[in-house]
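Architecture and fold: a report
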There are 2 protein chains.
Amino acid sequence: QELIDSISRKLQVLREARETLLEDIQANNILGEEVEAIVKDVCKPNEFDKFKMFIGDLDKVVNLLLSLSGRLARVENALNNLDENTSPEERRTLVEKQKLLTQQHEDAKELKENLDRRERIVFDILANYLSEENLADYEHFVKMKSALIIEQRELEDKIKLGEEQLKCLTDSLQPERLK
Amino acid sequence: QELIDSISRKLQVLREARETLLEDIQANNILGEEVEAIVKDVCKPNEFDKFKMFIGDLDKVVNLLLSLSGRLARVENALNNLDENTSPEERRTLVEKQKLLTQQHEDAKELKENLDRRERIVFDILANYLSEENLADYEHFVKMKSALIIEQRELEDKIKLGEEQLKCLTDSLQPERLK
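Residues numbered from 1 in each chain as written. Chains lettered and ligands numbered in written order. Predicted model: local features only at pLDDT ≥ 70, side-chain atom pairs only at ≥ 80, totals over all residues. Heavy atoms only, no water.

1. Observations regarding the overall build of chain A
Rule in force here: Per the convention used, a helix needs a DSSP run of H or I reaching at least four residues, while a strand needs a run of E reaching at least two, with both numbered from the N terminus. Contacts are residue-level and defined by heavy atoms, with any inter-residue pair within 4.5 Å sufficient. Residues counted as positive are Lys and Arg, residues counted as negative are Asp and Glu, and His and the chain ends are not counted. Positions of charges follow a simple convention, taking NZ of Lys, CZ of Arg, CG of Asp or CD of Glu.
On a plain count of helices and strands, chain A comes out with four helices and zero strands. Element order for chain A, N to C, with α for helix and β for strand: α-α-α-α. Of the contacts made within chain A by residues no fewer than 6 positions apart, 80% connect residues no fewer than 24 positions apart. The average position of the 28 basic charges and that of the 39 acidic charges among the side chains of chain A differ by 5 Å.

Below, the structure is given as structure tokens:
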């Protein structure tokens, strides 16, 4: 019961952190819209297009990279925890999955590298038009955008883990389950 | 035994198709290298850079899209084949997976749409420099590149399925397995 209370309190803290984080994300999105409005005003349409595409690809590639790292870590974790009772079939499946995910993870990392190069290209374009302050806003917005996605993912994972632990504990303390 | 022979023959045909496909892929890669050499010669470095990034992202995004469609199809298939013995827990896990994969699939589709726009941007750049013939080579190379990846994936899936069927049948005909 003490453990349950401790995990519940931890979950409470995590959920509050999530609230704050969602506010940060919203604030950053507003900054992004402001930057976008300025860019649209001052840049050529094809340059604005590049800006939009880069921003649009950014969270997708970051999310993809995080999701693949997570899955790869889980498969590698499962592989490390195999015991002598594991069937060769099961081990083979896991090794194959690991191979596939490693390849996809490599691909996603390369997409991210190209995206970083596109970030610099877009920065160079914007540098021709924006004031120092607006340019700093753009850089801050982009950096925060990935950072906030990463933080959000970590927080969601921790909350999910806590909820599972809590469910496990509650179930184990309640030997007679009502159907 | 008749079924085994039939599947074995089908696998043989598929493997020959794979050989031919690999030759096609190699031929297309050579065409790609020729186009790249010309582009490098005639375009500005930053334009060549865009060309390279687009080509580099192309197979990654197409592969990603295919892998996500495949996984999504498998999860939806599993969901459609649930019977009354399935635990709510199991069903919940599948539905959650489906939700996650649907989102990732949407993201990948958007990445692909942006990639298609980048293809047109690169095309417009190259149109300033290349002869009609070289431009046609570029278009052919790009179109074939995705088409060949898709074909390769389908073929690999079919071969894998055939191999699994064959293994199942062989195992079932051999009641005493030597360890």
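2. With respect to the UniProt feature "domain: ASD2" (unreviewed entry) in chain A
We apply this condition: UniProt positions are given in the numbering used here, feature names are shortened, and annotations may be inferred rather than shown by experiment.
Per the UniProt entry, the sites bearing "domain: ASD2" (unreviewed entry) are residues 1-174 of chain A in this numbering. A distance of 12 Å separates the end C-alpha atoms of residues 1-174 of chain A, which is 91% helix and 0% strand.

3. Notes on the relation of the copies chain B and chain A
Put simply, the second copy of the chain is the first one after a rotation about an axis and a shift along it. Threshold: Here the copies are superposed with least squares, the fitted atoms being C-alpha atoms of residues at a pLDDT of at least 70 in both.
The operation relating chain B to chain A is a screw motion whose rotation component is 180 degrees, with 0.0 Å of axial translation and a residual RMSD of 0.1 Å. Expressed as a symmetry operation, the mapping of one chain copy onto the other fits a two-fold axis. In this assembly, 100% of the residues forming the interface of chain B have copies in chain A that are likewise at the interface, indicating an isologous arrangement.

4. Notes on the packing of helix α1 (residues 2-42) of chain A against helix α2 (residues 45-80) of chain A
Residue and element names in this part refer to chain A. Operational definition: In this description, a line fitted to the C-alpha atoms serves as the axis of each element, helices being fitted only across the stretch in contact, and the angle between N-to-C directions of two axes falls anywhere from 0 to 180 degrees. Our angle categories are set so that under 35 degrees counts as roughly parallel, over 145 as roughly antiparallel, 65 to 115 as roughly perpendicular, and the remainder as oblique. Left-handed describes a crossing whose near helix is turned anticlockwise from the far helix through less than a right angle; right-handed describes the clockwise counterpart. Under the convention adopted here, Pro, Cys and the residues Ala, Val, Leu, Ile, Met, Phe, Trp and Tyr are nonpolar, Asp, Glu, Lys and Arg are charged, and Gly plus all remaining residues are polar.
Remark: α1 packs on α2, axes separated minimally by 9 Å, with the N-to-C direction vectors making an angle of 160 degrees. Looking at the two axes, α1 sits roughly antiparallel to α2. As for how α1 packs across α2, the hand of that crossing is right-handed. In contact with Val-35, Glu-36, Val-39 and Lys-40 of α1, α2 contributes Phe-48, Phe-51 and Lys-52. For the contact of α1 with α2, the class distribution of residues is four nonpolar, no polar and three charged.

5. Quick notes on the nonpolar core
To keep things clear, this is the line we draw: For our purposes a nonpolar core is just a set of buried Ala, Val, Leu, Ile, Met, Phe, Trp, Tyr and Cys residues, chained together by side-chain atoms within 4.5 Å. Under the scheme applied here, a residue whose accessible area is under 20% of the maximum for its type counts as buried, over 50% as exposed, and between as partly exposed, the area being computed with a 1.4 Å probe on protein chains only.
Counting 62 residues, the largest nonpolar core has Phe-51 and Leu-126 of chain A together with Phe-51 and Leu-126 of chain B as the members making the most contacts within it. The set of elements that each furnish at least two residues to this core consists of α1, α2, α3 (88-127) and α4 (132-172) of chain A together with α1 (2-42), α2 (45-80), α3 (88-127) and α4 (132-172) of chain B.

6. Let's talk about the interface of chain B and chain A
Quick reminder of the rule: Using a 1.4 Å probe, buried area is obtained as the accessible area two parts lose upon being combined, added over both of them. Note on definitions: salt bridges are taken to be side-chain nitrogens of Lys or Arg within 4 Å of carboxyl oxygens of Asp or Glu.
In this complex, chain B contributes 21 residues to the contact, which on the side of chain A involves 21 residues. The contact between chain B and chain A buries some 2100 Å² in all, and 54% of this surface belongs to carbon and sulfur atoms. For the chain B face of the interface with chain A, the top three residues by lost area are Met-53, Lys-60 and Leu-111 of chain B, together amounting to 28%. In this structure, Arg-117 of chain A engages Asp-49 of chain B in a salt bridge whose closest nitrogen and oxygen atoms are separated by 2.5 Å. For the side of chain B that touches chain A, the elements supplying multiple residues, two or more each, are α2, α3 and α4 of chain B. Counting residues per element, the side of chain B that touches chain A draws most heavily on α3 of chain B, at 10 residues. Tallied by class, the residues present in the side of chain B that touches chain A amount to five nonpolar, three polar and 13 charged.

7. What to know about the pattern of salt bridges
Oppositely charged side chains are able to pair whenever their charged atoms sit close together. Here the structure, examined in full by the defined rule, presents 30 salt bridges over all chains. Between Arg-15 of chain A and Glu-163 of chain A there is a salt bridge; the shortest N-O distance is 2.9 Å. Here Arg-15 of chain A, found in helix α1, pairs with Glu-163 of chain A, found in helix α4; they are 148 residues apart in sequence, far enough to count as distant. With a relative accessible area of 31%, Arg-15 of chain A lands in the partly exposed category. Here Glu-156 of chain A makes a salt bridge to Arg-18 of chain A, at a shortest N to O gap of 3.1 Å. Placement of the pair is Glu-156 of chain A in helix α4 and Arg-18 of chain A in helix α1, with a sequence separation of 138 residues. A relative accessible area of 31% means that Glu-156 of chain A is categorised as partly exposed. Overall, Arg-18 of chain A belongs to the partly exposed group, its relative accessible area being 24%. In this structure, a network of salt bridges that share partners links the residues Glu-89, Arg-92 and Glu-96 of chain A together with Lys-160 of chain B.

8. As for the packing of aromatic side chains
The relation between two aromatic rings is expressed through the spacing of the ring centres and the mutual angle of the planes. This is how the line gets drawn: Pairing of aromatic side chains requires ring centres within 6.5 Å, counting the rings of Phe and Tyr and the six-membered ring of Trp. Pairs whose planes differ by under 30 degrees are stacked, by over 60 edge-to-face, and all others tilted.
This structure, assessed with the given rule, holds four aromatic pairs over all chains. Ring geometry for Phe-48 of chain B versus Phe-51 of chain B: centroids 6.3 Å apart, planes at 25 degrees, classification stacked. Taken as a pair, Phe-48 of chain B and Phe-51 of chain B lie in helix α2 at a separation of three residues, close to a single helical turn. You'll find Phe-48 of chain B and Phe-51 of chain B in the same group, each marked buried. A ring pair is formed by Phe-51 of chain B and Tyr-138 of chain B, whose centres lie 6.0 Å apart and whose planes are at 45 degrees; its orientation type is tilted. Residue Phe-51 of chain B is located in helix α2, and its partner Tyr-138 of chain B is located in helix α4; the two are separated by 87 residues in the primary sequence. We note that Phe-51 of chain B, like Tyr-138 of chain B, is buried. Clustering of aromatic rings is evident, with ring pairs tying together Phe-48, Phe-51 and Tyr-138 of chain A.

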